[in-house]
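# Inside the fold
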Amino acid sequence: MPGTELFGKEERKEVMDVLETGVLFRYNNDEARKGIWKAKTFEKEFADFHGVKHCHMVSSGTAADNVSLAAAGIGAGDEVIVPTFTFIAPVEAVVNCGAIPVFAEIDKTLCLSPEGIEAVITPKTKAIMLVHMVGAMAKLDEIIAICKKYNLVLIEDTAQALGGSYKRKPLGSYGDISCYSFDFFKIITAGEGGAVITNNDEIYEKAHTWSDHGHSHIGNNRGAEEHPILGTNYRISELHAAVGLAQFRKIDFIIENQRANKKVLKDYLKKFSQVTFRELPDEAGDSGTVINIFLPTAEEAERVAGEMAEAGLNAAYWYNNNYHYIKNWEHLKEMKTAAPVGLQFFDNLQDYKTVKFPVSDDIISRLVSIYVKIMWTDEELKDICDKFDQVLGK
Ligand SMILES: Cc1ncc(COP(=O)(O)O)c(C=O)c1O
């Protein structure tokens, strides 16, 4: 949980600015807020960092997924290609906007593979929900070429790879629209919060209006604003934006330290012949927040992850996890939803109960992810290497 390692006076100062004006709402109240605009400031700095025209802050990463789809015009009956390995939020967002998730295989980048994507494209495919999983990037060049070839919208879910880049351009700046999460477990945290970024003026207009009941956000009289579309409420509060802003100003420090600590540990792991690493299309752009290793068999990976966790490391074995890999998504396979959704009315669905993903199964069953801390000392890094010896030297 990197961002949480760095809570300090900066976060307190930003929050106190807001509490002192009493304006917890991100819009309007121009006089009372005395020039304090945390969400707006965070948006400007986040867009500048990514080299894009627009950023809109929202209440969570899941909200950002939903906003991305709506703003990009994805809706009832559209097919959206999603990975088998992802936190489930982007898949739920596809279901909840009335569209159809179509799962495709991943590769050793741990993200959607170009071959996997091409294998499931149909005339109804509208978008690719590309999730840059556990800290780093997919094969962006190839996937962008597929989007161009088939005229597909590219959504980059960069919730797990903020600060990463590909060919020196930030992850998230390649898509038509991209989403981020600032929940408690992310590279920076606002407690809860999220963002979308885009270079497309039309998509941006839909993003900020849709996530606030259609408000045009012009003028200082909320009740009198135009409402070009129906929407919903995914607004971020000024308090969350304040924490997120302070955290975001630490991003360079976070990425630099994560990368340095990861390098020490990854270099050490290279001595174990049974260990191989996640493929990185651009290693220099890795956010450094996770070390992802493969073991030769599923049994060995499960043992290693279990023993690393017992030794006090933050190590994950995703194959058995209920939220990050399709294998355990019984609710999806049984199509259990709170109320009927588009899925239950369309006949062009994958058979979620029986569809097989042998490539993904092989990759995820042998994967162990070890989370990297920002503030590890040399002594702690040495201690972790000793733990690697104990677990992998058997
Ligand atoms: C890839 C990805 N997308 C979206 C989300 C959803 O973010 P949030 O928890 O802020 O709703 C997460 C959260 O873990 C995530 O990992």
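Residues numbered from 1 in each chain as written. Predicted model: local features only at pLDDT ≥ 70, side-chain atom pairs only at ≥ 80, totals over all residues.

Of regular secondary structure, the protein chain possesses 13 helices and 13 strands. Here the protein chain has a C-alpha radius of gyration of 21 Å; the compact-globule value for 394 residues is 21 Å, and the two agree. Here the C-alpha coordinates of the protein chain stretch approximately 70 × 55 × 40 Å along the principal axes. Burial status across the protein chain gives 49% buried among its 394 residues. Put simply, of all contacts in the protein chain between residues at least 6 apart along the chain, 69% involve residues at least 24 apart. (Helix = DSSP H or I, 4+ residues; strand = E, 2+ residues; numbered from the N terminus. Rg over C-alpha atoms; globule rule 2.2 N^0.38 Å. Buried ≥ 20, exposed ≤ 12 C-beta atoms within 10 Å, placed from the backbone. Contact = placed C-beta atoms within 7 Å.)

Okay, the site of the ligand next. Neighbouring the ligand are 15 residues; Gly-61, Thr-62, Phe-87, Ala-159 and Ser-181 lie closest to it. Secondary structure elements with two or more residues in the shell around the ligand: helix H3 (61–71) and helix H4 (89–96). Of all the elements, H3 adds the most residues to the shell around the ligand, at three residues. Across the shell around the ligand, the residue classes tally to five nonpolar, seven polar and three charged. (Near = placed C-beta within 6 Å. Nonpolar A, V, L, I, M, F, W, Y, C, P; charged D, E, K, R; others polar.)

The next point concerns the domain arrangement of the protein chain. Where the parts come together, the accessible area they lose is often given as the size of the interface. Assigned domains within the protein chain: domain 1 (2–250) and domain 2 (252–392). The centre of domain 1, based on its C-alpha atoms, is set 23 Å off from the matching centre of domain 2. Across the contact, 39 residues belong to domain 1 and 39 residues belong to domain 2. Sorting the residues of the side of domain 1 that touches domain 2 by element identifies H4, strand E3 (100–104) and strand E6 (165–166) as the ones contributing at least two each. Looking at which element gives the most residues to the side of domain 1 that touches domain 2, the answer is E3, with three residues. The residue inventory of the side of domain 1 that touches domain 2, partitioned by class, reads 22 nonpolar, 10 polar and seven charged. (Domains from an automatic or database assignment.)

Before going further, it helps to spend a moment on unusual backbone geometry. In terms of backbone geometry, most residues other than glycine have negative phi values and most peptide bonds are trans. Not every positive phi belongs to a glycine, and Asn-29 is a case in point at roughly 55°. In this structure, Asn-29 sits in the loop between helix H1 (9–21) and helix H2 (38–50). Positive phi, close to 55°, is recorded for His-213, a residue that is not glycine. Mapped onto the elements, His-213 comes out in the loop between helix H7 (201–210) and helix H8 (238–248). When the 15 C-beta atoms within 10 Å are taken as the criterion, His-213 is described as partly exposed.

Mapped onto the elements, Ile-88 comes out in the loop between strand E2 (79–83) and H4. In this structure the C-alpha to C-alpha distance between Ile-88 and Ile-326, which are 238 residues apart in sequence, comes to 8.5 Å. Once residues within four sequence positions are removed from consideration, Ile-88 is found in contact with Tyr-323 and Trp-329.

Counting through the fold element by element, Gly-3 comes out in the segment before H1. In this structure, the C-alpha to C-alpha distance between Gly-3 and Ala-190, residues 187 residues apart in sequence, is 8.8 Å.

Once that is clear, we can look at the packing of H3 against H7. Two elements in contact, H3 and H7, have axes separated by 8 Å at closest approach and are oriented at 130°. What the angle tells us is that H3 and H7 run oblique. Regarding H3 and H7, the two cross each other, and that crossing is right-handed. Contact residues: Val-67, Ala-70 and Ala-71 in H3; Ile-203, Lys-206, Ala-207 and Trp-210 in H7. Taken together, the residues of the contact of H3 with H7 sort by class into six nonpolar, no polar and one charged. (Axes fitted to C-alpha atoms, helices over the stretch in contact; angles between N-to-C directions. Parallel < 35°, antiparallel > 145°, perpendicular 65-115°, else oblique. Left-handed = near helix turned anticlockwise from the far one by under 90°.)

As a further point, take the sheet that holds strand E10 (residues 276–277). Ordered by their spatial adjacency, four strands build an open sheet running E10-E11-E13-E12, and the pairing between neighbours is antiparallel. Every other strand in the sheet has two partners, leaving E10 and strand E12 (315–316) as the edge strands with one partner each. Strands E12 and strand E13 (367–371) of the sheet are contacted by helix H10 (residues 298–310), whose axis makes an angle of about 20° with E13. (Pairing = 2+ DSSP bridges.)

Turning our attention to the sheet that holds strand E9 (residues 194–198). Read from one edge to the other, the open sheet built from seven strands follows the order E1-E9-E8-E5-E4-E2-E3, with strand pairing classed as mixed. This sheet does not close on itself; its edge strands, each paired only once, are strand E1 (54–58) and E3. Mean inter-strand twist for the sheet, computed between neighbouring axes without regard to direction, equals 25°. Here E1 pairs with E9 via five bridges, running antiparallel. Across the sheet, the residue bridging to Cys-55 is Ile-197, located in E9. Together, E1 and E9 form the strand contacts of H2, whose direction differs from that of E1 by roughly 135°. Contacts from H4 reach E2, E3, strand E4 (125–131) and strand E5 (153–157) within the one sheet, and its direction differs from that of E2 by about 165°.

Attention now goes to helix H12 (residues 358–365). All of the buried residues in H12 are Ser-360, Ile-363, Ile-364 and Ser-365. On its buried face, H12 sits against H10 and E13.

Counting buried residues in E5 gives five out of five residues, a clear majority hidden from the surface. The side-chain alternation of E5 yields two buried faces, one formed by Val-153, Ile-155 and Asp-157 and the other by Leu-154 and Glu-156. Inspection of the sheet shows E4 paired to E5 by five bridges, in the parallel sense. Note that in E5 the partner of Met-129 across the bridge is Ile-155. In this region the chain leaves E4, passes through helix H6 (residues 140–150) and returns to the parallel neighbour E5; the handedness of that crossover is right-handed. Pairing geometry for E5 and strand E8 (residues 177–181), over three bridges, is parallel. (Right-handed = clockwise from strand over helix to strand, strands pointing away.)

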